[in-house]
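# Secondary and tertiary structure notes
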Amino acid sequence: MNVLFLGDVVGQAGCEKVRRELPRLKKELSAGIVVANGENSAEGNGITPYSAQHLFASGVDVLTTGNHALRRRDVYDLLEEGNGIVRPANFHPSAPGKGWFLHDNPAFPFAVVNLQGRVYMDPPLASPFDTADALLSKIDCANILVDFHAEATAEMLALGHYLDGRVSAVIGTHTHVQTADERLLPRGTAYITDAGMCGGRDSILGVEKERAIERLRTGLPVRFQNDPEQIELCGVLLVFGKTPGKVERIERVRVP
Ligand code: FE2
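Residues numbered from 1 in each chain as written. Predicted model: local features only at pLDDT ≥ 70, side-chain atom pairs only at ≥ 80, totals over all residues. Heavy atoms only, no water.

What follows concerns the overall build of the protein. Within the protein one finds six helices and 13 strands. For a compact globule of 256 residues, the expected C-alpha radius of gyration is about 18 Å, and the protein comes in at 17 Å, within 12% of that figure. Out of the 256 residues belonging to the protein, those deemed buried represent 58%. Counted over contacts in the protein with a minimum sequence separation of 6, partners at least 24 positions apart contribute 64%. When the accessible surface of the protein is totalled, it reaches about 11,400 Å², and 52% of it is carbon and sulfur. Computed over 27 positive and 32 negative side-chain charges, the separation of the two mean positions in the protein equals 1 Å. (Helix = DSSP H or I, 4+ residues; strand = E, 2+ residues; numbered from the N terminus. Rg over C-alpha atoms; globule rule 2.2 N^0.38 Å. Buried < 20%, exposed > 50% of the residue type's maximum accessible area, 1.4 Å probe, protein only. Contact = heavy atoms within 4.5 Å. Areas by Shrake-Rupley, 256 points an atom, 1.4 Å probe, with all protein chains shown as cover. Lys, Arg positive; Asp, Glu negative; His and termini not counted. Charge placed at Lys NZ, Arg CZ, Asp CG, Glu CD.)

Below you can see the structure in the form of structure tokens.
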């Protein structure tokens, strides 16, 4: 089984890029399951029922999120239904939604866990390490992908090594910048610090660069606008082998 993971899909232009490219990509890469981080898929960030349905209709099977998961209240019902969409498992227990999802493909049961980092991020959350321990003791599935939505590379690597040999893959999201460190860790877990984004190449993390520069230059409030130009699609392909739960190969994917 090949699983395609798409990094943070940014705004309508990112969603449209996924819609245009995904059918061909799935065929080309023989991807039977597609997971995407959709927490910025709505215009102005967050995720809405509209952007989530757009991604599902484009061929995404499971949507993960992150720090913007709860920004739009109209998505709470969808999160509560938990039908293929997850929010970080280490959110407060009263948060709507669930932190993991079992994709019930009889030929290839596949669990997706979503966690969020705590370094340089707010609000305060439960430990992603302890939350992972608690979840892994109850998830009865060999194939487990963890989307770790985090800012600090050290925290991402630390969770990767902490879960090495206990999950199939730890994939970083949130920085929107694809890193070149994809590999199998010593005990066999596939790892990348960040899968990258599906958004404007000539932007700052998907936001029009002039506005982002203005915010950083002046420190004054500036209304961000997603950049709809030169959209690229980034992610990783996980090639599972014959041994249950084990990824044989992880490859970066980038479609300009
Ligand atoms: Fe994020």
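Distances from the iron ion to its protein donors, namely Glu-39 (OE), Asn-67 (OD1), His-149 (NE2) and His-174 (ND1), fall within the range 2.0 to 2.2 Å. Each of the four donor atoms bound to the iron ion contributes to angles spanning 86 to 168°, and the resulting shape is irregular. Counting residues between consecutive donors of the iron ion along the chain gives the motif E-x27-N-x81-H-x24-H. Of the two residues, Glu-39 is situated in the loop between β3 (31-37) and α2 (49-57) and Asn-67 in the loop between β4 (62-64) and α3 (76-81); the sequence distance between them amounts to 28 residues. Of the residues examined, Glu-39 reaches a relative accessible area of 1% and is grouped as buried. (Donors = N, O, S within 2.8 Å, 3.2 Å for Na, K, Ca; no water. Tetrahedral: all angles 85-135°; square planar, octahedral: opposite > 155°, others 65-115°.)

This paragraph deals with helix α4 (residues 128-136). Since the α-helix turns once every 3.6 residues, residues separated by three or four places project in the same direction. Buried within α4 are the following residues: Pro-128, Thr-131, Ala-132, Leu-135 and Leu-136. The buried residues of α4 all sit within an arc of 125° when viewed along its axis, so they share a single face. Contact partners of the buried residues in α4: β5 (100-103), β6 (110-116), β7 (143-149) and α5 (153-162). If you check the start of α4, you find a side-chain oxygen 3.1 Å away from the backbone N of Phe-129, and it comes from Ser-127. (Arc of directions from axis to C-beta. Polar contact = N/O pair within 3.5 Å; in protein donor to acceptor, adjacent residues only side chain to side chain.)

Moving on, we come to the side chain of Asp-147. Checked against the element boundaries, Asp-147 lands in strand β7. Although Asp-147 lies buried, it forms no salt bridge, and the closest oppositely charged side chain, Arg-87, sits 13 Å away as judged by the N-O distance. The residues touching Asp-147, leaving out its near neighbours within four places in the chain, are Phe-5, Asn-37, Thr-64, Thr-65, Val-113, Asn-114, Leu-115, Ile-171 and Thr-173. (Salt bridge = Lys/Arg side-chain N within 4 Å of Asp/Glu carboxyl O.)

Another point: the nonpolar core. Counting residues in hydrophobic clusters, the biggest one holds 27 residues, and the most contacted among them are Leu-4, Leu-6, Val-18, Val-60, Leu-63 and Leu-233. Listing elements by their share of this core, those giving two or more residues are β1 (2-6), α1 (11-29), β3, α2, α3, β12 (231-240) and β13 (247-255). Ranked by residues supplied to this core, first place goes to α1 with five residues. With residues up to four places along the chain from it excluded, the contact list for Val-18 reads Leu-6, Val-9, Pro-23, Leu-55, Ser-58, Val-60, Cys-198 and Leu-233. (Core = buried A, V, L, I, M, F, W, Y, C linked by side-chain atoms within 4.5 Å.)

Time to look at the packing of aromatic side chains. In this structure the tally under the stated criterion is four aromatic pairs. Between Phe-110 and Phe-240, the ring centres sit 6.2 Å apart and the planes meet at 90°, which makes this aromatic pair edge-to-face. Of this pair, Phe-110 sits in strand β6 while Phe-240 is found in strand β12, placing the two residues 130 residues apart along the sequence. You'll find Phe-110 and Phe-240 in the same group, each marked buried. Here the aromatic cluster, defined as three or more aromatic residues joined through ring pairs, consists of Phe-108, Phe-110 and Phe-240. The side chain of Arg-166 reaches across the aromatic face of Tyr-162, ending 5.2 Å from its centre. Arg-215 extends its terminal NZ or CZ atom over the ring of Phe-224, reaching a point 4.3 Å from the ring centre. (Phe/Tyr/Trp six-rings, centres within 6.5 Å; stacked < 30°, edge-to-face > 60°. Lys NZ or Arg CZ within 6 Å of the ring centre and 35° of its normal.)

What follows concerns the sheet that holds strand β10 (residues 190-192). What the six strands build is an open sheet, ordered β5-β6-β7-β8-β10-β9; its pairing is mixed. Each edge of the open sheet carries a strand with a single partner, namely β5 and β9 (183-184). Direction of pairing for β9 relative to β10: antiparallel, over a ladder of two bridges. Of the residues in β10, the one forming a bridge with Arg-183 is Tyr-191. Along the sheet, α4 contacts β5, β6 and β7; its crossing angle with β6, the most-contacted strand, is approximately 160°. (Pairing = 2+ DSSP bridges. Axes fitted to C-alpha atoms, helices over the stretch in contact; angles between N-to-C directions.)

What follows concerns α1. Maximal helix bending in α1 amounts to about 45°, located at Glu-21; proline Pro-23 follows within four positions. Ser-30 sits one or two residues past α1 and shows a positive phi near 50°. (Bend = angle between axes of the 7 residues up to and from the residue.)

This paragraph deals with the state of the cysteines. Taken as a whole and judged by the stated rule, the model has zero disulfides. Unpaired in terms of disulfides, Cys-15 finds its nearest cysteine sulfur in Cys-198, a separation of 9.2 Å. Residue classification places Cys-15 among the buried positions, given a relative accessible area of 3%. (Disulfide = S-S within 2.5 Å.)

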